[in-house]
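Topology and contacts: notes
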Amino acid sequence: MSAPTAPELSVDRLTIRFGGLTAVDGASFEVRRGEVLSLIGPNGAGKTSAFNAITGFIAPAAGSVSYRGTRLTGLRSNQIAELGVVRTFQKTSVFAGLSVLDNVRVGLHLVSKQEPLAILLGAASVAREELALTTRARSILQFIGLEARADQLASALPYGELRLLEVAIALAAKPRLLLLDEPVCGLNPAETANFMALLTRIRALDVTVLLVEHDMKMVMGVSDRIICLNQGRIIADGTPEAIRSNAEVVRAYLGTPRVAGG
Amino acid sequence: MKRIATLTLLAGLLSLPLWMSSLYVLHILIMTGIFIIAAMSLNLLLGFTGQLSLGHVAFFGIGAYTSSLVSLGFEVHLLPDWQVGLEAKPVWLGMLLGILLAALCGWVIGRVSFKVRGAYFVIVTVSFAEVVRLVALNWVELTQGPMALNNIPVLRLGLPGWFEFAFLRKPANYYLVLLVGVVAYLLIRRLVHSRAGRAMIALRENEALAASVGIDVTRYLVLATFVSAGIAGAAGALYAHYVRIVDPEVFSFIYTVTMVIMVVTGGKGTLAGPIVGGLIFGLLPETLRTFSIQPEIQWVIYGVLMILIVYFLPEGIVPALRRWWQGRRERQGVPPSAAVKSEASP
């Protein structure tokens, strides 16, 4: 691992509008290599919109995003994934009709090298690679802790395991920067603790993580740095300790003392 | 178990003309086989990418017309003083060109549809089929319009001066259709059980997630339409040189509907589905006829059977059978992991 201060992803004056609503308003920040950076903020602060703009699912109104010097703005989602920037979704998102193992094998698309002509001609290299891909998919499931579920249909998994499967699919795409959108939303405390342990193991693979999360225990536990968004603007940027005691963050989350109670 | 069943089926199909002397039955099997090939090609799109090509008969018809015209030769006046003609060419070349042109049209449709999905993909394909049908109907100089292309030569293979074999009789055509059918099946199976097939299924299951792991979804939709249209074109070429007359009726919407019925009742997204559905709905009308049932009643039976299948087996016959078989094994104590692997998954 190189120096953890090298910028991995830089977001420059990113602005996102939906009609008259400005979801993200000139936000600039950097994700440094090897760190876990969390984006927090009340609902509607623009966290998911920022995710969508970084990964090419929506076009920003202004500003740009670049990854290791390559401009991501204007690229399609699949091209961004090819560069090593892979995301998960806030709303649980798997290939429901496929087995757990096949879900991960779809995720291995970028690792796989088969070309259409070789496939149609039934080349031996394709069969060989298929075996290797299956082995690799199983080892990813083992890493995540879903190996016992490999042959089950994804739609038959309980919610907590679905959320793990999403991460398994993303990891299969060999991310160097992994964007997780509320990965522990709806999980119980034991499952959340399990997920935090998993995140530590993902970090050990030299994967940088950008996290959007509401579970403050998790955010404070795993983050190296936290950025707080409110109404599309960055209101705080610092270590977990600094954020915890930041007056403006507390106000954004809890409101002013007069209307406090949330 | 599965291998034994496949080998038995193949042996039965291969030996059929030896013990089945009825030319009528062979004719029905040839026509059904041609439609099964077309249905298999439709299944690649509808079953695996999840996109319904409701103009699929266009590719079938393009294969039929191209192959016929190349083997008959033609001459058209594109401008008053500019005419383009083609000498009659061997049938095998016509068939190859028919497949190629159909596949190219599929490629174009795939490219044009790079952003349209669902209902919009249906509209693009239906419009394309209608345009092609109108061209076939109205460009009389090329296609003879409603007068139809007649006396289409049969396929002849051989080495010049050595020997030559004409696919004139029914058993020969039966084997030809069987061969093309097996090749089409193998191509589709290879595709489905590969990186490309998984990408197509990913498009069907969850397009946003597919893009997020780096799948260029459009590229694989184009590949699917290309291969699918090529196979449909092959079915059309077989049809043209077997029936030996082609008119704009080959573009009828009802043929697309027949293919969709075959795929949906058999089980879309399974390799065996279009074959099972195709056998049932290809052979049913003729079987009913042998019982000398009134034509109206025949169609009522056809319709009722179709509704019953769709109502009680919404996923199709093949997935239902597979689940029943799996359940039986599990009751017998075979662990679920050893159960028959689903074909719907890559």
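Structural data are supplied above this passage.
This structure is a prediction, so every number in the text was calculated from the model and none was measured. (Residues numbered from 1 in each chain as written. Chains lettered and ligands numbered in written order. Predicted model: local features only at pLDDT ≥ 70, side-chain atom pairs only at ≥ 80, totals over all residues.)

1. Topic: the interface of chain B and chain A
Between chain B and chain A, the contact holds 26 residues from the first and 33 residues from the second. At 7 residues, helix α8 (residues 195-205) of chain B tops the list of elements feeding residues into the side of chain B that touches chain A. In the side of chain B that touches chain A, the residues fall into 15 nonpolar, 6 polar and 5 charged. (Contact = placed C-beta atoms within 7 Å. Helix = DSSP H or I, 4+ residues; strand = E, 2+ residues; numbered from the N terminus. Nonpolar A, V, L, I, M, F, W, Y, C, P; charged D, E, K, R; others polar.)

2. A closer look at the packing of helix α11 (residues 253-266) of chain B against helix α12 (residues 273-290) of chain B
Residues and elements named next belong to chain B. The N-to-C vectors of α11 and α12 enclose an angle of 120°; their axes lie 7 Å apart at closest approach. On the basis of their axis angle, the class for α11 and α12 is oblique. Crossing handedness for the pair α11 and α12: right-handed. Packed against α11, whose contacting residues are T258, I261, M262, V263, T265 and G266, the element α12 presents G273, P274, I275, V276, G277, G278, I280 and F281 at the interface. (Axes fitted to C-alpha atoms, helices over the stretch in contact; angles between N-to-C directions. Parallel < 35°, antiparallel > 145°, perpendicular 65-115°, else oblique. Left-handed = near helix turned anticlockwise from the far one by under 90°.)

3. Points about the packing of helix α3 (residues 57-72) of chain B against helix α4 (residues 91-112) of chain B
Residues and elements named next belong to chain B. One way to put it is that α3 packs onto α4 with a least axis distance of 7 Å and a crossing angle of 145°. Between α3 and α4 lies a crossing of right-handed hand. Contacts from F59, I62, G63, T66, S67, V70 and S71 in α3 reach V91, L93, G94, M95, L97, G98, I99, L101, A102, C105 and G106 in α4. Split into classes, the residues belonging to the contact of α3 with α4 amount to 11 nonpolar, 7 polar and no charged.

4. Considering helix α7 (residues 189-203) of chain A
All names here are of chain A. With 15 residues, α7 extends 21 Å from end C-alpha to end C-alpha; this agrees with the ideal 21 Å at 1.5 Å per step. Restricting attention to buried positions, one finds in α7 the residues T192, F195, L199 and I202. All buried residues of α7 lie within an arc of 70° about the axis, which places them on one face of the element. What points out from α7, more than 90 degrees from its buried face, is the exposed set A190, A197, T200 and R201. Buried residues along α7 sit against β7 (177-181), β8 (208-212) and α8 (216-222). (Expected span 1.5 Å × (residues − 1). Buried ≥ 20, exposed ≤ 12 C-beta atoms within 10 Å, placed from the backbone. Arc of directions from axis to C-beta.)

5. A few points about the sheet that holds strand β6 (residues 85-87) of chain A
All names here are of chain A. Taking strand neighbours across the sheet as the criterion, the 6 strands line up as β6-β7-β8-β3-β9-β10 in an open arrangement whose pairing is mixed. Edge strands, defined here as strands with exactly one partner in the open sheet, are β6 and β10 (233-238). On average, each strand axis in the sheet is inclined to that of its neighbour by 20°, with strand direction left out of account. Here helix α1 (residues 47-54) sits on the sheet in contact with β3 (36-40), β6, β7, β8 and β9 (225-230), set at roughly 145° to β7. (Pairing = 2+ DSSP bridges.)

6. Quick look at the environment of Q294 of chain B
Position of Q294 of chain B relative to the elements: it lies in the loop between α12 and α13 (295-312). In this structure, the C-alpha to C-alpha distance between Q294 of chain B and G85 of chain B, residues 209 residues apart in sequence, is 48 Å.

7. Description of the pairing of strand β2 (residues 82-86) of chain B
All names here are of chain B. A small share of β2 lies buried, amounting to 0 of its 5 residues. In this structure, strand β1 (residues 74-79) lies alongside β2, joined through 5 bridges in antiparallel fashion. Across the sheet, E75 pairs through a bridge with G85, a residue of β2.

8. As for unusual backbone geometry
Within the chain, R68 of chain A stands out as a residue other than glycine whose phi angle is a positive 45°. As for its placement among the helices and strands, R68 of chain A is situated in the loop between β4 (62-67) and β5 (70-71). You can call R68 of chain A partly exposed: it has 16 C-beta atoms within 10 Å. For N151 of chain B, which is not glycine, the phi torsion reads 50° and is therefore positive.

9. Here we look at the sheet that holds strand β1 (residues 7-18) of chain A
Sheet strands pair via backbone hydrogen bonds, and the direction of the pair is either parallel or antiparallel. Residue and element names in this part refer to chain A. Spatially, 4 strands are ordered β2-β1-β4-β5 in an open sheet, and the strand pairing comes out antiparallel. Either end of the sheet is taken by a strand with one partner, and the two such strands are β2 (21-32) and β5. Examined bridge by bridge, β1 and β4 share 5 bridges and lie antiparallel to one another. Within β4, the residue paired with S10 across the bridge is S66. Contacts from α1 reach β1, β2 and β4 within the one sheet, and its direction differs from that of β1 by about 115°.

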